[in-house]
Amino acid sequence: MSQEEPIKIIIVGGAAGGMSSALRARRLSEKASIILIEKHNYTSYANSGMPSSVGGVIETDTFLIHQSPAGLKDRFDLDVRDCTEITSIWKEQHKILVRRVDTNDSYILPYDKLILAQGASFAIPQIQGIESENVFSLQMMLDLQRIKDYTAKNHCRSAAILGGGYFALKAVESLSYFGLRLSIIHTEGRMCQDFDPDFANIVQTELIRHEVQVHLNANILNIGAGVLEDGCIVTLANESNISADIVIIATSLTPRKDIAESSGLLCNNGVIVNEFMQTSDPDIYAVGALAETSNYLLAALQIQHTLPLNSPARQQGRLASDHIMKRAVPYRGRIVTYSCKCFKLTVAITGFSGEKLREIGYFPNAVTAQIPEHAGYYPASQQTTLRVAFQPASGRLLGAQIIGRSAIDKSIDVLSTALQFGRSVFDLENLELSYAPQYGSAKDPVNVIGMIGSDLLHGDLHIISPKELESHFEEVQILDVRSAEDFAKGHIPSARNYPLDMLRKSLADIDKRCAIVVYSRVGYHGYLAYRTLVQSGYQAANLDGGLKLLVEGGSGIKLVSSGSD
């Protein structure tokens, strides 16, 4: 290519990563030849808005399409080839072979730089009947329209969702607007594997509360025709049957790497790229869910471990075009950050859960806080449950999880920002954040969780989790510092009631020779009691998250009432 000739860029994939690449390249070069290849007949679409479109919150599907091919041509001079798919890459010749999906005609396109952004698709289970007409994925615009049409035409009343993670929750959100009876079928032992088990249990309880049937450790034998009004029968290995008019695949994602791999590009779980999103061929880039990139946190911890792909496509697409245009900006590595709606709850995570860190051989500290979502005197305030995991010595953040009803997005974004800048729980303690009684608590949840973490590292707090309490139940004396009325309604077996305001007067009755676990409803009063006890010479620990988390998190410890001790 001579200096006078415009650079030829071909981008494969018209969703977030590809569109971000195309628009960034145009903003940096008016002369570049930019061709965008998209298999479907739409580009620049908002996948994340699909549940709201299904539910009628967004009035029409067309609102999810940001630009048409003609609009992209007029505004950005992009040559959009929709209904076209890539079939081969000839690296040495710098050419690709593409095919029109509507006419089956093939032709060759030359390139100087090639950006692959085909994304990923749901892993299709090898199940008899999975190809039936009433089995759908819910990932793209075309999926959305097919499901809506089929549901309306066939008067569907029930749906089975295969999967148990983020995409399954998104499917629940979409399909619940239709008033369908919903079932979740998951091969694992619990929902939401990204979260700690007790947080996942809260999500599962919310699903069950809204009459979603949850089938765990469930292996599907086949999807077959039903009888009478049933659309189909999903048969499980335990010989139980689930009736459903439609079946939705919402399992884990598999990168669409076949073309890249067959062309000789270096691949593992996805297409391997460097910090500038270049593949093993320096003139070919890969972005988004197709690309296998480093994990920011694992690199910081110097841990070698492969995790599922989950990449921010828009950022990576921009960086690829930056590098092509001689503006080399390295990718820092990914972290998992997302939020998701589950009926009246919002669940969110950034970084790693404590359980996930332990699985890969790293043992963090973790603390939990239960904080009102806004000032208690403002109407309808409820608890938000927040946990952070952090390094035992430095306090550096490694992950955070939140479940609540409002302002979850604010907190998780603050924590994600702090995590990506390598900040610690000590920094969270002193962050200055906005406050108004209708939006939050006077002590922001981020500040509170920082205070608890700091207290732990300073030695001003010792905690025990509900799971740890199960293991040491017979070795400790348990003190309940709630009111006598609350104690009578339900308490941990063998617990004795010492209301907080009476605790100092009752210290002589408490055995100093035996370790103490103290608890309150959400943990704060338990902490106050803990401080009184340790400064009075007792060996004590506060129950992390309080009695509320022990109950909602699915602990094996079952409460008893005063009459059943």
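Throughout what follows, the structure given in this document is the object of discussion. Quantities reported herein were computed from a predicted structural model and do not represent experimental measurements.

Examining the packing of helix H1 (residues 16-28) against helix H9 (residues 313-324)
- Put simply, H1 and H9 touch, their axes get as near as 7 Å, and they point 35 degrees apart. Judged by the twist between their axes, the crossing of H1 over H9 is right-handed. On the side of H1, the interface is formed by Ala16, Gly17, Ser20, Ser21, Arg24, Ala25, Arg27 and Leu28, while H9 contributes Ala313, Arg314, Gly317, Arg318, Ser321 and Asp322.
- Among the residues forming the contact of H1 with H9, the class breakdown is four nonpolar, five polar and five charged.

Examining the nonpolar core
- Leu357, Val367, Val388, Leu415, Ile510 and Leu533 are the most contacted members of the largest nonpolar core, which totals 50 residues.
- Aside from chain neighbours lying at most four places away, what touches Val367 is Leu386, Arg387, Val388, Phe390, Ile449, Ile452, Gly453, Leu456, Ile463 and Asp544.
- Ile9, Ile10, Leu23 and Tyr111 belong to the second largest nonpolar core, which has 45 residues in total.

Brief notes about the pairing of strand E30 (residues 540-543)
- Taken together, the two bridges between strand E26 (residues 463-464) and E30 define a ladder with parallel strand orientation. Bridge pairing in E30 links Ile463 to Asn542.
- The pairing of strand E29 (residues 516-519) with E30 spans three bridges and is classified as parallel. In the sheet register, Val517 faces E30, and the bridge partner there is Ala541.
- Where the polypeptide runs from E29 across helix H16 (residues 524-534) and back to E30, its parallel neighbour, the crossover connection is right-handed.

Notes on helix H11 (residues 408-420)
- The terminal C-alpha atoms of H11 lie 18 Å apart, and with 13 residues this matches the ideal 18 Å at 1.5 Å per residue to within 8%.
- Looking at H11, one finds that the buried residues are Ile408, Ser411, Ile412, Leu415, Ser416, Ala418 and Leu419. One side of H11 holds all its buried residues, which, seen down the axis, span an arc of 165 degrees.

Describing the layout of surface pockets
- Space inside the second largest pocket adds up to approximately 750 Å³.
- Lining the second largest pocket are 29 residues, with Arg358, Arg387, Ser465, Lys467 and Glu468 sitting closest to its centre.
- Counting residues per element, the ones that place at least two in the lining of the second largest pocket are helix H6 (197-209), helix H10 (354-359), strand E23 (365-372), E26, helix H14 (466-471) and helix H17 (546-552).
- It is H14 that contributes the most residues to the lining of the second largest pocket, four residues altogether.
- Here the lining of the second largest pocket is composed, by residue class, of 11 nonpolar, nine polar and nine charged.

Regarding the sheet that holds strand E5 (residues 95-100)
- Read across the sheet, three strands follow the order E4-E5-E6 without closing on themselves; strand pairing throughout is antiparallel. Because the sheet does not close on itself, it has two edges, and the strands there are strand E4 (84-90) and strand E6 (106-110). For this sheet, the mean inter-axis angle between neighbouring strands, taken without regard to orientation, is 30 degrees.

Regarding the pattern of salt bridges
- Per the stated rule, a full pass over the model turns up 20 salt bridges.
- Notably, a salt bridge pairs Arg26 with Asp77, separated by 3.9 Å at the nearest N-O pair. Pair noted here: Arg26 is in helix H1 and Asp77 is in the loop between helix H3 (69-76) and strand E3 (79-81), with a separation of 51 residues, a long-range link.
- Within the structure, one salt-bridge network assembled from shared partners comprises Arg26, Lys73 and Asp77.

Reading the values: the criteria
Residues numbered from 1 in each chain as written. Predicted model: local features only at pLDDT ≥ 70, side-chain atom pairs only at ≥ 80, totals over all residues. Heavy atoms only, no water. Axes fitted to C-alpha atoms, helices over the stretch in contact; angles between N-to-C directions. Helix = DSSP H or I, 4+ residues; strand = E, 2+ residues; numbered from the N terminus. Left-handed = near helix turned anticlockwise from the far one by under 90°. Contact = heavy atoms within 4.5 Å. Nonpolar A, V, L, I, M, F, W, Y, C, P; charged D, E, K, R; others polar. Core = buried A, V, L, I, M, F, W, Y, C linked by side-chain atoms within 4.5 Å. Buried < 20%, exposed > 50% of the residue type's maximum accessible area, 1.4 Å probe, protein only. Pairing = 2+ DSSP bridges. Right-handed = clockwise from strand over helix to strand, strands pointing away. Expected span 1.5 Å × (residues − 1). Arc of directions from axis to C-beta. 1 Å grid on protein atoms, 1.4 Å probe; cavity = no way out; pocket = protein on both sides within 12 Å on 5 of 7 lines; lining within 4 Å. Points joined across faces, edges and corners; volume = space filled by probe spheres on them. Salt bridge = Lys/Arg side-chain N within 4 Å of Asp/Glu carboxyl O.

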